[in-house]
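Architecture at a glance
One-letter residues, chain by chain:
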Amino acid sequence: MSSGGDAMISVEAPCDIDEGFAFDVIVDGRVIQVEVPEGGLQLGQIFTVPRPDIGGDPLPSRAPMGRWKDGTFDCFKHGLVSI
């Protein structure tokens, strides 16, 4: 994704995706949501969307970078059967 000085940004489709769906992209360190245009998109296809006003400081992320949040067996931390 690029974020030049104009009022539009270019976004690359992360996968084949139907029109009307939305997904998150990062612009200048901030997460924004973009909607898939009419006709849908194919993996790698580039499309443009209006650049949002994203002033202010970015919110800190609690997500770990470069590793999984959970361990291998964390799926069992609530027991084998969860009701």
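Residues numbered from 1 in each chain as written. Predicted model: local features only at pLDDT ≥ 70, side-chain atom pairs only at ≥ 80, totals over all residues. Heavy atoms only, no water.

1. Regarding the nonpolar core
Note the cut-off: Throughout, nonpolar core names a set of buried Ala, Val, Leu, Ile, Met, Phe, Trp, Tyr and Cys residues whose side chains join them through atoms within 4.5 Å. The rule is simple: take the accessible area with a 1.4 Å probe, protein chains only, and divide by the maximum for that residue type; under 20% is buried, over 50% is exposed, in between is partly exposed. A run of H or I in DSSP becomes a helix once it reaches four residues, and a run of E becomes a strand once it reaches two; helices and strands are each numbered from the N terminus. A contact between two residues is defined here by any heavy atoms of the two lying within 4.5 Å.
Within the largest apolar cluster, 14 residues are counted, with the highest numbers of intra-cluster contacts made by Val 11, Phe 23, Val 25, Ile 32, Val 34 and Phe 47. The set of elements that each furnish at least two residues to this core consists of β1 (8–12), β2 (22–27), β3 (30–35) and β4 (46–50). If one sorts the elements of this core by residue count, β2 sits on top with three residues. Aside from chain neighbours lying at most four places away, what touches Phe 23 is Val 11, Pro 14, Ile 17, Ile 32, Gln 33, Val 34, Val 36 and Phe 47.

2. Topic: the pattern of salt bridges
Which entries qualify depends on this criterion: Within this document, salt bridges are pairs made up of a side-chain nitrogen of Lys or Arg and a carboxyl oxygen of Asp or Glu, the two lying within 4 Å of each other.
One pass over the full model with this rule turns up one salt bridge. For Asp 28, the salt bridge goes to Arg 51, with nearest N and O atoms at 2.3 Å. Taken together, the residues span a long stretch of sequence, with Asp 28 in the loop between β2 and β3 and Arg 51 in the segment after β4 at a distance of 23 residues. We classify Asp 28 as partly exposed; its relative accessible area is 44%. Owing to a relative accessible area of 25%, Arg 51 belongs among the partly exposed residues under this scheme.

3. Focus: the packing of aromatic side chains
To keep it simple, the criterion reads: In this analysis, rings of Phe, Tyr and Trp, with Trp reduced to its six-membered ring, are considered paired at centre separations within 6.5 Å, and the interplanar angle assigns stacked below 30 degrees, edge-to-face beyond 60, and tilted for intermediate values.
On inspection of all chains with the given rule, the structure shows one aromatic pair. Between the aromatic rings of Phe 23 and Phe 47, the centroid separation amounts to 6.3 Å while the plane-to-plane angle is 70 degrees, which identifies the pairing as edge-to-face. Taken as a pair, Phe 23 in strand β2 and Phe 47 in strand β4 lie far apart in primary sequence, 24 residues in all. Accessibility expressed as a relative area gives 12% for Phe 23, which makes it buried.

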